[in-house]
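Descriptive structure summary
What follows is each chain in one-letter form.
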Amino acid sequence: MEDPWQEAYDFAVEVARGAGAVIRKAAESEIKVSTKSSTVDLVTKTDERVEKIIIGSLKEQFGEGTHCFIGEESVANGESCNLTDKPTWIIDPVDGTTNFVHGFPFVAVSIAFAVNKQLEFGVIYSCLEDKMYRARRGKGAFCDDEPLAVSDVADIHKSIIISEHGTDRSPEKVKKIFSTMQKILCIPVHGLRGSGTAATNMCLVASGAVEAFFEIGIHCWDIAAGAVIVKEAGGVLLDVDGGPFDLMSRRMVSANNETIARRIIKEIEIFDSERDDAPVQKKKK
Ligand SMILES: O=P([O-])([O-])O[C@@H]1[C@@H](O)[C@H](O)[C@@H](O)[C@H](O)[C@@H]1O
Ligand SMILES: [Mg+2]
């Protein structure tokens, strides 16, 4: 049977690599910074420009109107964020915008593709490291051409766990985030880390460098590509309450195995985070 999405997958890798080159070039000049949901939720002209380049390339390749697009900056500018059964590209043009602004060396282009609400493939280009992570559903995960496999650690005491504090600085949420991190650190685990980009964090899980990454407050575009890469590297994805992974819920645990995932879930202090697909008119800015 003809493979319907191989051409799209190969093209996505090409587009991600080209987008990464634009980001690297932009990093050489002064970066003008604006903000979105809070004073620490940064966005730059490069985020917007790179998203336009990616979506423009995909529309040119696959035709206007045949595919749908969910892009971080398009949604920030009012476009809807509803995943339908139609072929849909889920794009974070610059994952790790704060890192990009500061020159902290983890910045990723994240491109995922879903059909009938099922993620078919994910591509994450860590452009300052020049590492191309990619995976197709059922066909394994790779970094460049090296196969990826999650860590085989099952003892939480021998793990490194990644989490992020996000951009919400409300005291009650910050308190829960750090109380969760404190409880996990004092299990004890070997260490806590964070790259500043969800996509890169998920690639670190898939490559076996860490055992798990969890976060409440991320968006579908941060994690869609990483979800395919972690799964295809042998990892697991769950909701922070132990239920099934829900791409639009703005929360998730990705881990090398269920033992580690469920041990972390015991410590997570959950707080509300409005779904990505919440009706726009009700969405808080
Ligand atoms: O905004 P962005 O750099 O694309 O995405 C980032 C996420 O990848 C990260 O996990 C989160 O903690 C940051 O707050 C930010 O949302
Ligand atoms: Mg992001």
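Residues numbered from 1 in each chain as written. Chains lettered and ligands numbered in written order. Predicted model: local features only at pLDDT ≥ 70, side-chain atom pairs only at ≥ 80, totals over all residues. Heavy atoms only, no water.

Now for the UniProt feature "binding site: Mg(2+)" (unreviewed entry) in the protein chain. Per the UniProt entry, the sites bearing "binding site: Mg(2+)" (unreviewed entry) are E72, D92, D95 and D222 in this numbering. Spanning 151 residues, the named residues form one tight spatial group whose C-alpha atoms are at most 9.4 Å apart. Turning to its location among the elements, E72 is positioned in helix α3 (residues 72–76). Residue E72 is classed as buried on the basis of its relative accessible area of 11%. Each residue touching E72, except ones within four places of it in the same chain, is listed here: K36, E51, I91, D92, P93, V94 and W221. With respect to the secondary-structure elements, D92 resides in strand β4 (residues 88–95). (UniProt positions renumbered as here; feature names shortened; annotations may be inferred. Helix = DSSP H or I, 4+ residues; strand = E, 2+ residues; numbered from the N terminus. Buried < 20%, exposed > 50% of the residue type's maximum accessible area, 1.4 Å probe, protein only. Contact = heavy atoms within 4.5 Å.)

Surrounding the magnesium ion (ligand 2) are the protein donor atoms D92 (OD), D95 (OD) and D222 (OD), which sit 1.8 to 2.0 Å from the metal. Motif for the magnesium ion (ligand 2), donor spacing along one chain: D-x2-D-x126-D. The burial state of D92 is the same as that of D95; both residues are buried. (Donors = N, O, S within 2.8 Å, 3.2 Å for Na, K, Ca; no water.)

Our next topic: the pairing of strand β5 (residues 108–115). Burial runs high along β5: eight of the eight residues are buried. Neither face of β5 is left uncovered, since the one carrying A108, S110, A112 and A114 and the one carrying V109, I111, F113 and V115 both have all their residues buried. In terms of strand pairing, β4 meets β5 through six bridges, oriented antiparallel. Bridge pairing in β5 links D92 to S110. (Pairing = 2+ DSSP bridges.)

What follows deals with the sheet that holds strand β7 (residues 131–136). With respect to topology, seven strands assemble into an open sheet ordered β3-β4-β5-β6-β7-β8-β9, the strand pairing being mixed. Because the sheet does not close on itself, it has two edges, and the strands there are β3 (68–71) and β9 (146–147). Where strand β6 (residues 118–126) lies against β7, six bridges are found, and the strand directions are antiparallel. Following the sheet pairing, Y125 is matched in β7 by M132. Along the sheet, helix α7 (residues 220–232) makes contact with β3, β4, β5, β6, β7 and β8 (141–143), crossing β6 at roughly 100 degrees. (Axes fitted to C-alpha atoms, helices over the stretch in contact; angles between N-to-C directions.)

For the rest of this paragraph, the subject is the site of ligand 1. Inspection of the region around ligand 1 gives 15 residues, with D95, G96, T97, A198 and E215 positioned closest. D92 is positioned such that a nitrogen or oxygen atom in its side chain is 2.9 Å from an oxygen atom of ligand 1. Between an oxygen atom of ligand 1 and a side-chain N or O atom of D222, the distance comes to 3.2 Å. Here ligand 1 loses 90% of its free accessible area of 380 Å² to cover by the protein chains. For the shell around ligand 1, the element with the most residues is β4, which contributes three residues. Partitioning the shell around ligand 1 into residue classes produces three nonpolar, six polar and six charged. (Near = heavy atom within 4 Å. Polar contact = N/O pair within 3.5 Å; in protein donor to acceptor, adjacent residues only side chain to side chain. Areas by Shrake-Rupley, 256 points an atom, 1.4 Å probe, with all protein chains shown as cover. Nonpolar A, V, L, I, M, F, W, Y, C, P; charged D, E, K, R; others polar.)

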